[in-house]
Every structure is written in structure tokens, then in C-alpha cells.
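# Residue-level structural notes
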Amino acid sequence: GLYNPNMGSAGDPLIVRSGVGGSFTYRTIVSFANHPIAWVRADDARRYCNWLHNGKGRGSTEFGAYDMSTSDAPPRSPGALVWVPDGFEWDKAAFY
């Protein structure tokens, strides 16, 4: 549920999905492999962090670094291994 069809069709496709439900495969277009991605919402990024936090594979996207059942913008969980930086963390990374 994290893939947005616009990623593969809007303007220049960045990530192409192939296959059928339950066994999709994904690939980047070579010329865009090192470019930022578009069509990602904040909650998608949090769910991706949960998936990484839980070891990828069939790891949960709903719990881990964030508890996605709590609100539209859940706080980072204590002990999170991967997270979306907040504004202060972005500033610190940029200027220090």
C-alpha cells in the first residue's frame, strides 16, 4: 500500500511496478536511480521507517518506529532505529 501509481506513470516514471497483487516487483528507471522520489506522503515515509525498523521482509508497516494507529502524525517511538527527521534534526544536519 505504499506504492503510488503516479510513481510509475506521472511525467517521467521513477519506480515501475510489475506483476500482480501479492507478488509485485519494483524497479527504478536507471536514469533516475540516484534521484529523489516524488509522490511520497509523510505517513508513507513513517510506514517505510517502521518496515526498516522491523527488519524489512514481512515486517509490520504499522508499528515500530511509529505507532500509526495513534494519529495522523504520530510521534517517534522511544527506541526507534529509523525515523523521519524533524525540523530541528534537519537544521542540525545542514548547519553543524
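Our subject in this report is the structure included herewith. Since the model is a prediction, treat every value here as computed from it, not as a measurement.

## Some words on the side chain of Arg 46
By the secondary structure assignment, Arg 46 is in helix α1 (residues 42-53). Of the side chains bearing the opposite charge, Asp 43 lies closest to the buried Arg 46, which forms no salt bridge; the N-O distance is 5.8 Å. The residues contacting Arg 46, other than those within four sequence positions of it, are Tyr 66, Met 68, Asp 72, Ala 73, Pro 74 and Val 84.

## Describing the layout of surface pockets
Any empty space left between atoms is shown by rolling a water-sized probe over those atoms. Reported here for the largest pocket is a volume of approximately 800 Å³. If you go around the largest pocket, you meet 20 residues; those closest to its centre are Gly 1, Leu 2, Tyr 3, Tyr 26 and Trp 51. Elements with a contribution of two residues or more to the lining of the largest pocket: β1 (15-18) and α1. Among the elements that take part in the lining of the largest pocket, α1 stands out by supplying five residues, more than any other. The residue makeup of the lining of the largest pocket, split by class, is twelve nonpolar, five polar and three charged.

## Quick notes on the nonpolar core
By size, the foremost hydrophobic cluster in this structure holds five residues: Cys 49, Ala 65, Tyr 66, Met 68 and Ala 80. Not counting residues up to four positions away in its chain, the partners in contact with Tyr 66 are Arg 46, Cys 49, Asn 50, Pro 74, Pro 75, Arg 76, Ser 77, Trp 83 and Val 84.

## Notes on unusual backbone geometry
Its identity is not glycine, yet Trp 39 carries a phi of approximately 70°, on the positive side. Mapped onto the fold, Trp 39 is located in the loop between β2 (25-28) and α1.

The rules behind each value
- Residues numbered from 1 in each chain as written.
- Predicted model: local features only at pLDDT ≥ 70, side-chain atom pairs only at ≥ 80, totals over all residues.
- Heavy atoms only, no water.
- Helix = DSSP H or I, 4+ residues; strand = E, 2+ residues; numbered from the N terminus.
- Buried < 20%, exposed > 50% of the residue type's maximum accessible area, 1.4 Å probe, protein only.
- Lys, Arg positive; Asp, Glu negative; His and termini not counted.
- Salt bridge = Lys/Arg side-chain N within 4 Å of Asp/Glu carboxyl O.
- Contact = heavy atoms within 4.5 Å.
- 1 Å grid on protein atoms, 1.4 Å probe; cavity = no way out; pocket = protein on both sides within 12 Å on 5 of 7 lines; lining within 4 Å.
- Points joined across faces, edges and corners; volume = space filled by probe spheres on them.
- Nonpolar A, V, L, I, M, F, W, Y, C, P; charged D, E, K, R; others polar.
- Core = buried A, V, L, I, M, F, W, Y, C linked by side-chain atoms within 4.5 Å.

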